[in-house]
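Fold and geometry: a report
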Amino acid sequence: KQWYQRRVRGEGEDGDDEDEEDDDDEEEEAMEGMEITDATGANLQAIRRTIYLTIQSSLTFEECIHKLKKLQFKPGQEKILVQMVLECCSQERSYNKFYGLLGERYCRLKKEYIPLFVETFQEQFETIHRLETTKLRNVACCFAHMLYTDALPWTVFSIIRLTENETTSSSRVFIKILLQEIASQMGEKKMKERFADATLQVCFEGLFPRDDPRNTRFSINYFTAIGLGYLTEELREWLKSVPVPVPSLEGLQSGSSSSSSSSSSSSSESSDSSDSSDSEEENSSKNKASAPRTKPDSEAPRPTVDSRGRRRPMNMMVEHPVDDSPERNKRTDKRDGRSERRGRHRDESPAQEKR
């Protein structure tokens with residue numbers, strides 16, 4: 001009854017509306033506190049597309065930086081820009097200095113991009129075997145530009161460990177292009193001064209290893225092969241001063257025991273071989289005794305001579321006996337007479353032939 005009275009007065013509708021408004025306000029407050037994340041990667045693809053179109057539509061690196069600064073990146077999206085710069089650089093047919101200048105200017109304008117480029121350098125070096133030759137060269141030239149302009153710190157060389165076991169053919173080619181490009185831009189004198197800097201020797205321990213003489217020789221041979229052997233002068237002197245390792249007593253004892261065992265095994269093998277040779281000689285002598293005796297070459301049948309002085313073998317004499325009958329001799333004499341007359345006829349002069 002009370003509900004009906006309120007319904008008639010119109011009080012119930014207002015109360016319900018107020019309750020619904022309160023519920024909507026609470027839901028909006030809860031939604032504002034929640035963060036919606038896109039798990040499909042659509043936002044990432046949109047950002048990459050925008051950066052790619054901005055880079056490709058710019059004539060100069062300064063224009064490109066001016067356009068990219070207008071894009072508002074959220075915290076954590078700066079690395080996408082660094083990756084896109086290197087990816088666009090690798091897609092070129094040959095190295096374009098545009099990307100090296102772009103990376104250099106970003107490192108100078110905003111210092112927070114320097115650790116991002118260093119991190120990307122490490123990732124590229126670890127996965128360099130996945131790149132083709134052209135892409136590898138472009139990426140190496142881009143990092144070389146940023147290094148010789150001091151946009152990137154030379155502490156990135158601490159990532160490289162130049163040994164035979166810890167490098168691949170692709171990583172060696174990457175290091176070769178990187179160092180040769182830096183040397184071509186800086187020159188031999190500045191290059192030697194930079195690698196002789198005392199503050200950077202810790203970073204160059206991977207390039208010039210001194211933990212094992214084998215690794216040291218590999219590094220010296222590598223730098224000599226790529227035309228940068230002048231960087232290994234100190235390493236050569238250090239290798240000369242390294243004492244030659246002396247074998248221990250345990251090693252000598254083990255070596256002598258192995259040599260004695262080998263000598264005993266060789267003596268047993270020689271005795272076995274001598275026994276086998278004796279047995280083979282006995283078998284061969286028995287076989288010779290049991291084999292039938294053959295006639296010597298002097299007792300072999302010799303070819304006979306027919307009545308006309310022609311030599312014929314014995315087998316031909318047996319299979320086809322020579323006919324020495326007088327009738328055969330007459331036929332042969334007639335044949336010889338005809339041949340003689342023909343010869344005289346050829347020797348006569350043309351005048352006699354006309355007569």
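The model shown is predicted, which means the values in this text are computed figures rather than measured ones.

Before going further, it helps to spend a moment on the overall build of the protein. The number of helices and strands found in the protein is 16 helices and 2 strands. Burial statistics for the protein: of 355 residues in total, 27% are counted as buried. The contacts in the protein between residues at least 6 apart in sequence include a share of 66% that link residues at least 24 apart. Accessible surface, the protein: about 25,300 Å² in total, of which carbon and sulfur atoms supply 48%.

In this section: the packing of aromatic side chains. Tallied over the full model, the rule gives 13 aromatic pairs. Aromatic pair Phe-208 and Phe-223: ring centres 5.0 Å apart, planes at 25 degrees, arrangement stacked. Residue Phe-208 is found in the loop between helix H10 (188-195) and helix H11 (213-225), and its partner Phe-223 is found in helix H11; the two are separated by 15 residues along the sequence. Residues Phe-208 and Phe-223 agree in their burial class; the two are buried. Three or more aromatic residues link up through ring pairs in this structure, and these residues are Trp-154, Phe-157, Phe-195, Phe-204, Phe-208, Tyr-222 and Phe-223. Lying over the aromatic face of Trp-154, Arg-194 brings its terminal NZ or CZ to 4.7 Å of the ring centre.

Viewed as axis vectors pointing N to C, helix H5 (residues 78-90) and helix H7 (residues 113-126) meet at an angle of 50 degrees, and their least axial separation amounts to 10 Å. Looking at the two axes, H5 sits oblique to H7. In this structure, H5 meets H7 at a crossing whose hand is right-handed. Judged by residue contacts, Glu-78, Lys-79, Leu-81, Val-82, Gln-83 and Leu-86 of H5 engage Tyr-113, Leu-116, Phe-117, Glu-119, Thr-120, Glu-123 and Gln-124 from H7. Class assignment of the residues belonging to the contact of H5 with H7 gives a composition of 6 nonpolar, 3 polar and 4 charged.

Let us look at the nonpolar core. Counting 68 residues, the largest nonpolar core has Phe-157, Phe-174, Ile-182 and Phe-223 as its most contacted members. Ranked by the residues each element gives to this core, the list is headed by helix H8 (residues 133-148), at 10 residues. Here Phe-157 is in contact with Leu-147, Leu-178, Leu-179, Ile-182, Cys-203, Phe-204 and Leu-207, once residues within four sequence places are set aside.

Within the element layout of this structure, Thr-216 appears in helix H11. At a separation of 2.8 Å, a polar atom in the side chain of Thr-216 contacts the main-chain carbonyl oxygen of Pro-209. Once residues lying within four places of it in the same chain are set aside, the contact partners of Thr-216 are Pro-209, Arg-210, Leu-235, Trp-238 and Leu-239.

Phi at Asp-150 is positive, roughly 60 degrees, even though this residue is not glycine. Relative to the helices and strands, Asp-150 is located in the loop between H8 and helix H9 (169-186). By relative accessible area, which is 43% here, Asp-150 ends up partly exposed.

Another point: the packing of helix H6 (residues 97-109) against H7. Direction vectors running N to C along H6 and H7 enclose 135 degrees, while the axes themselves pass 8 Å from each other. By the angle between their directions, the pair H6 and H7 is classed as oblique. From H6, Gly-103, Tyr-106 and Cys-107 reach across to H7, where they touch Tyr-113, Ile-114 and Phe-117. Partitioning the contact of H6 with H7 into residue classes produces 5 nonpolar, 1 polar and no charged.

A few words on the confidence of the model for the protein. Residues at a pLDDT of 70 or more form 57% of the protein, whose mean pLDDT is 76. Considering only residues more than four positions removed or in separate chains, one finds that residues 316-320, a stretch of pLDDT under 50, has 4 contacts.

Using the criterion set out here, one finds 0 disulfides in the structure. The thiol of Cys-89 is unpaired, and the distance to the nearest cysteine sulfur, on Cys-142, comes to 4.5 Å. Here Cys-89 falls in the buried class, since its relative accessible area comes to 1%. The thiol sulfur of Cys-141 is not disulfide-bonded, and the nearest other cysteine sulfur, from Cys-89, lies at 8.0 Å. Judged by relative accessible area, Cys-141 falls into the buried class, the value being 7%.

Tracing the backbone shows Thr-120 in helix H7. Classification of Thr-120 as buried rests on a relative accessible area of 2%. Of note is the side chain of Thr-120, whose polar atom sits 2.7 Å from the backbone oxygen of Leu-116. Ignoring sequence-local partners within four residues, the contact set of Thr-120 consists of Lys-79, Val-82, Leu-86 and Phe-143.

Conventions and cut-offs
- Residues numbered from 1 in each chain as written.
- Predicted model: local features only at pLDDT ≥ 70, side-chain atom pairs only at ≥ 80, totals over all residues.
- Heavy atoms only, no water.
- Helix = DSSP H or I, 4+ residues; strand = E, 2+ residues; numbered from the N terminus.
- Buried < 20%, exposed > 50% of the residue type's maximum accessible area, 1.4 Å probe, protein only.
- Contact = heavy atoms within 4.5 Å.
- Areas by Shrake-Rupley, 256 points an atom, 1.4 Å probe, with all protein chains shown as cover.
- Phe/Tyr/Trp six-rings, centres within 6.5 Å; stacked < 30°, edge-to-face > 60°.
- Lys NZ or Arg CZ within 6 Å of the ring centre and 35° of its normal.
- Axes fitted to C-alpha atoms, helices over the stretch in contact; angles between N-to-C directions.
- Parallel < 35°, antiparallel > 145°, perpendicular 65-115°, else oblique.
- Left-handed = near helix turned anticlockwise from the far one by under 90°.
- Nonpolar A, V, L, I, M, F, W, Y, C, P; charged D, E, K, R; others polar.
- Core = buried A, V, L, I, M, F, W, Y, C linked by side-chain atoms within 4.5 Å.
- Polar contact = N/O pair within 3.5 Å; in protein donor to acceptor, adjacent residues only side chain to side chain.
- pLDDT = per-residue confidence, 0-100.
- Disulfide = S-S within 2.5 Å.

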